[in-house]
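Coordinate inspection notes
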Amino acid sequence: MRRTGALLALLLTAWLGAGVLTAGPAAAHATLVATEPGEGARLEAVPDEVTLRFSEAVSLGAGYARVLGAGQERVDAGSASVDGEVLTIPLRSGLPDGGYLVTYRVISADSHPVSGAFSFVVGDGELPAADGGELDGTDPVVGILLPAFRWLGFAGSSLAIGVPVLAAVCWPGGWASPRLRRLAVTATIAVAVAALATFLLQGPYAAGTGLGALADPALLVATAGSGAGWAALARAVLAVALLVVLRPVWRQGGPPGRGRLAVAGGLAAGLVLATAAVGHPVAGPWPGLAVLVAAVHVAAMAVWLGGLAGMLLVALRPGTAPGAGVAALPAFSRLAFAAVVALVVSGIVQSVREVGSPTALVETTYGRLLVAKLLVVVVLLAAAGVSRVWVQQRLGVRRPRRHRTIPVHAFSATAPVERAEPAPEELAAAAERDRAQAEGAAAHLPSLRRTLVVEGVLAAVVLALTAVLVATPPARTALARPVDVVLPLQGSAGTAPGSVQVSVDPARPGENALHVYLFDESGRLTQPAEIRVTLTERSQQIGPLDVDLEPAGPGHYVGDGLTIPGAGTWTLTVGVRLDEFTALTAATDFPVR
């Protein structure tokens, strides 16, 4: 346990040191980067289509993309299309001047919906209020049931995998235990039920509807065509297959043959992979590596927590003869230690990827939930350490030191080295010592049971927090979002007519893409005599740094070479000279992490 704590401290120290100095690319949960027309734009004619660009690839799935006219009637023509990060909504021909509202609900690569709304005006009409995206949020019942079934799936997977591993590696007699059999079978059925429920709920979750749409054929088809839907169905099928393979073994009450054990191991590995290959790991940078790390995390969790539940609820249950359970403790202690090391290392790798910077731990919802989970895990590891010390003291789990004795004649070229076999009385004494240790341990089992109960309760809390975390936007994405803002122009006499729309993507250290749109007092794109953009970081006394701009159309300028030197709160200032006597400015502050 001390080695695990040292490794945890070393990795956390390295992350805290490196995280302050570096920031990598974002992971998971798409965000809207830019739109055409821009938010609040005033156009001379109705465009042929509306486009939305996101920070990562999205899909419509069970979501929607609509354009509404002044009377709340739909004016989009046909189905919207998605090409990677760009969503295109075609509009009907012959539309009149007036205000238009764009509402959308798309599915990000990590299977979570992203919704919003914005508006624009054609001609001299009134700009509609862009609040339509708030009307179609996640149904509260669906929002409660989905993480509840995720928790059931995590807990069931731990038992469905961990209990057979416990019997196969640590406790061969466990195959004959009716209680252990019921625990494993019930857990496997729970995995299948949770997976099917998740599949059914994913459609209403993505579409923003309620339980009445569970059997909606359109939503079922959309879910079946998504990665999250495939993963849910795979978990259900693999759980049923694992039940079919292992149920005869549980019934016969003896260890399975090598062939059946290999098949069960392959199905368990597939179940682990199907659990890991959904959500945050499949989005963002290095998805293959992220899924592999997540799979190690899930497998370690299942081996440790599933075995723990099997030992607590069956092997060491009050009223059960302690002999077999006590005999299995040393092997399970070693297995649990290895699982804890894998769990800690893979968990830290996941945290670094999803959080990115230590500051995000306290500035985002994801970070605060992760801190709560880490605190519970620390207490859980402490309880596990107490259990391991108990086993070491009562059952002598510590490996004996190897003493090498080299006789003097071993250095002779002609004298062979002989190994002395232990005498029968030594073997008998060792067996008697082991028996006495087991009897002594059995007399003190209540104290171990109390520690294991604490571990079990904390493990359930960890699984609950995990079920919430997988549906929460990662801290790195929540902390550093692309900038897309419309700013009023300011003159020497105060606010002047006209505005400027500024878009900075991804608003992180290094190269960024800058788009600047200049509008006159009527909301039409206008061409200035001169335009200048600068960056300043006042607290670090950096800048102003000039940004090179290239014209990209009437009133539209791009700065693909915009380089932000480092993290901080940066001020982007747009200076516009309309003529020889009129100079206007606009500025916005944005965080860079």
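Residues numbered from 1 in each chain as written. Predicted model: local features only at pLDDT ≥ 70, side-chain atom pairs only at ≥ 80, totals over all residues. Heavy atoms only, no water.

1. Topic: the nonpolar core
Ranked by internal contacts, the top residues of the largest apolar core, which has 66 residues, are Val-163, Leu-180, Trp-250, Trp-304, Leu-305 and Phe-332. Elements supplying a minimum of two residues to this core: helix H2 (140-170), helix H3 (178-207), helix H5 (227-252), helix H6 (258-276), helix H7 (287-315), helix H8 (322-355), helix H10 (365-395) and helix H12 (445-469). Residue contributions to this core peak at 14 residues, all from H7. For Leu-305, the residues in contact, after removing those within four places along its chain, are Ser-158, Ala-459 and Leu-463. (Core = buried A, V, L, I, M, F, W, Y, C linked by side-chain atoms within 4.5 Å. Buried < 20%, exposed > 50% of the residue type's maximum accessible area, 1.4 Å probe, protein only. Helix = DSSP H or I, 4+ residues; strand = E, 2+ residues; numbered from the N terminus. Contact = heavy atoms within 4.5 Å.)

2. Quick word on the packing of aromatic side chains
Counted under the stated rule, the structure contains three aromatic pairs. Centre to centre, the rings of Tyr-100 and Phe-120 are 5.6 Å apart; their planes meet at 20°, and the pair counts as stacked. Taken together, the residues span a long stretch of sequence, with Tyr-100 in strand S7 (residues 98-108) and Phe-120 in strand S8 (residues 113-122) at a distance of 20 residues. Grouping residues by exposure puts Tyr-100 and Phe-120 together as buried. If you follow Arg-66 out to its NZ or CZ, it ends over the ring of Tyr-64, 3.9 Å from the centre. (Phe/Tyr/Trp six-rings, centres within 6.5 Å; stacked < 30°, edge-to-face > 60°. Lys NZ or Arg CZ within 6 Å of the ring centre and 35° of its normal.)

3. A word on the sheet that holds strand S2 (residues 42-43)
Through backbone hydrogen bonds, the strands of a sheet pair up, either in parallel or in antiparallel fashion. Within the open sheet, the four strands sit side by side as S2-S8-S7-S4. Their pairing is mixed. If you trace the sheet from one side to the other, it starts and ends with S2 and strand S4 (58-68), each paired once. Across two bridges, S2 lies against S8 in parallel orientation. From the neighbouring strand, Arg-42 faces S8, where its bridge partner is Val-121. (Pairing = 2+ DSSP bridges.)

4. Quick notes on the confidence of the model for the protein
Taken residue by residue, the protein gives an average pLDDT of 78. The fraction at 70 or more is 78%. Every residue in residues 1-28 scores below 50 in pLDDT, and together they form 56 contacts with partners more than four places removed in sequence or on other chains. Long-range and interchain partners of residues 397-406, a stretch whose pLDDT sits below 50, account for six contacts in this model, where long-range means more than four residues apart. (pLDDT = per-residue confidence, 0-100.)

5. Quick look at H3
Taking 1.5 Å of rise per residue, 30 residues should cover 44 Å, and H3 covers 44 Å from first to last C-alpha, within 8% of that figure. Considering bend angle alone, the principal kink of H3 is centred on Leu-201 and spans about 30°; proline Pro-204 follows within four residues of it. Most of H3 is tucked away: 21 of the 30 residues are buried. Once H3 ends, the next one or two residues include Gly-208, with phi positive near 75°. (Expected span 1.5 Å × (residues − 1). Bend = angle between axes of the 7 residues up to and from the residue.)

6. Looking at the packing of H3 against helix H4 (residues 217-224)
Close contact between H3 and H4 brings their axes to 9 Å; oriented N to C, the two are set at 105°. Comparing their axes, H4 and H3 come out roughly perpendicular. Mapping the contact onto sequence places Phe-199, Leu-200, Gln-202, Gly-203, Pro-204 and Ala-207 in H3 and Leu-219, Leu-220, Thr-223 and Ala-224 in H4. Each residue belonging to the contact of H3 with H4 can be placed in one class, and the counts come to seven nonpolar, three polar and no charged. (Axes fitted to C-alpha atoms, helices over the stretch in contact; angles between N-to-C directions. Parallel < 35°, antiparallel > 145°, perpendicular 65-115°, else oblique. Nonpolar A, V, L, I, M, F, W, Y, C, P; charged D, E, K, R; others polar.)

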